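What the coordinates show
Listed below, chain by chain, are the residues.
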Amino acid sequence: MLSSKVLNHFENKVIWITGASSGIGRALVIALSNIQCRLFITSRSSEKLQETFEQCENKNNIEIVAGDLTSKDTNQEIIETINKKANRLDIAILNAGNCEYVDIDNFDSELFYRQMNTNFMSMVYGIEAGLPLLKKSDSAQLVGMSSTAAYLGLPRSEAYGATKAAIRNMFAALRISLQPQNIQASVICPGFVETELTAKNDFDMPALISAARSAEYILSGIAANKQEIHFPKRFSLTLKFIASLPNPILSKLLAKTILRK
Ligand SMILES: NC(=O)c1ccc[n+]([C@@H]2O[C@H](COP(=O)([O-])OP(=O)(O)OC[C@H]3O[C@@H](n4cnc5c(N)ncnc54)[C@H](OP(=O)(O)O)[C@@H]3O)[C@@H](O)[C@H]2O)c1
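Our subject in this report is the structure included herewith. A quick note: this is a predicted structure, and the numbers were derived from the prediction, not measured.

1. So, the overall build of the chain
Secondary structure summary: the chain contains 10 helices and 9 strands in total. Overall size of the chain, expressed as C-alpha extent along the three principal axes, is 55 × 40 × 40 Å. Side-chain charges in the chain split into 28 positive and 25 negative, and the spacing between the mean points of these groups amounts to 7 Å.

Right, dumping it as structure tokens:
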């Protein structure tokens, strides 16, 4: 359950959520739909965004702006739509992404390209398009979806982990460089969340949580203007500790890693 203090933070805000057609993004939309705010929701599939819309009790404040975010032009068009309809943007939650694991016996640069394009470049295009509109807000927040996979190099996660580490690194810098423009930047590093993305995983997922629970962690973190919103703590703090171990110990440990089949 979200506290009224957290809910109040989102009152009357104009919010753009990407990757809203399933999983964590959909859970964020459902959680925010009961609050008096204005939601613009994006993913490629209009049909699945419509399903998100149908699952919300209060539909008055939700507008679907579908599009493929790997296109720079599409990001600009979406922001133009938000500008025309709301004339500002208070919070951008850039959550869209997917996960492809590397088969080390078939090392494929195309897979790396797809992962960088979908997870990293789409976010860069979203930031480029969104910043001028965020500057119109007197309480702007830019939020990017990374992962606890960013903390260390996990076998099979060479591409996905690299995209998420790039995002985490970019947001650490943005947190500082956007201060003079009064835009707060936060990055999200979830552990395992039950979604379509993780349904494909063929290994045990410790500390798996529901998408609804992840939305609570994320919204509480945004309301508190956390630099890094990481959860669940029992998983994210363990991973941070493992990542801090000396390299020889770390390598031995990761050779038996959780991502192995
Ligand atoms: N689930 C986890 O355990 C976990 C952990 C750490 C981080 N994350 C991150 O959380 C984010 C959401 O993941 P999820 O678990 O909720 O997965 P999901 O259920 O598969 O949702 C991914 C969302 O991204 C959208 N998307 C993908 N490619 C897109 C594109 N090119 N343009 C626009 N939208 C696109 C998808 O919609 P369309 O297919 O309709 O485009 C969908 O709405 C991802 O960035 C993921 O890496 C997830």
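2. Some details on the packing of helix H5 (residues 109-134) against helix H6 (residues 158-177)
With their axes 8 Å apart at the nearest point, H5 and H6 run at an angle of 20 degrees to one another. Relative to H6, the element H5 is oriented roughly parallel. With respect to the hand of their crossing, H5 and H6 are arranged in right-handed fashion. The segment H5 lies against H6, with Leu111, Phe112, Gln115, Met116, Asn119, Phe120, Met123, Val124 and Ile127 engaging Glu158, Ala159, Tyr160, Thr163, Lys164, Ala166, Ile167, Met170, Phe171 and Leu174. Split into classes, the residues belonging to the contact of H5 with H6 amount to 14 nonpolar, 3 polar and 2 charged.

3. Topic: H5
Each α-helix winds once per 3.6 residues, and so residues spaced three or four apart point in a common direction. Compared with the 38 Å implied by 1.5 Å per residue over 26 residues, the 35 Å span of H5 between its first and last C-alpha is a close match. Within H5, the axis deviates most sharply at Asn117, by approximately 40 degrees.

What counts and what doesn't
- Residues numbered from 1 in each chain as written.
- Predicted model: local features only at pLDDT ≥ 70, side-chain atom pairs only at ≥ 80, totals over all residues.
- Heavy atoms only, no water.
- Helix = DSSP H or I, 4+ residues; strand = E, 2+ residues; numbered from the N terminus.
- Lys, Arg positive; Asp, Glu negative; His and termini not counted.
- Charge placed at Lys NZ, Arg CZ, Asp CG, Glu CD.
- Axes fitted to C-alpha atoms, helices over the stretch in contact; angles between N-to-C directions.
- Parallel < 35°, antiparallel > 145°, perpendicular 65-115°, else oblique.
- Left-handed = near helix turned anticlockwise from the far one by under 90°.
- Contact = heavy atoms within 4.5 Å.
- Nonpolar A, V, L, I, M, F, W, Y, C, P; charged D, E, K, R; others polar.
- Expected span 1.5 Å × (residues − 1).
- Bend = angle between axes of the 7 residues up to and from the residue.

Nothing here speaks to function; it is geometry throughout.
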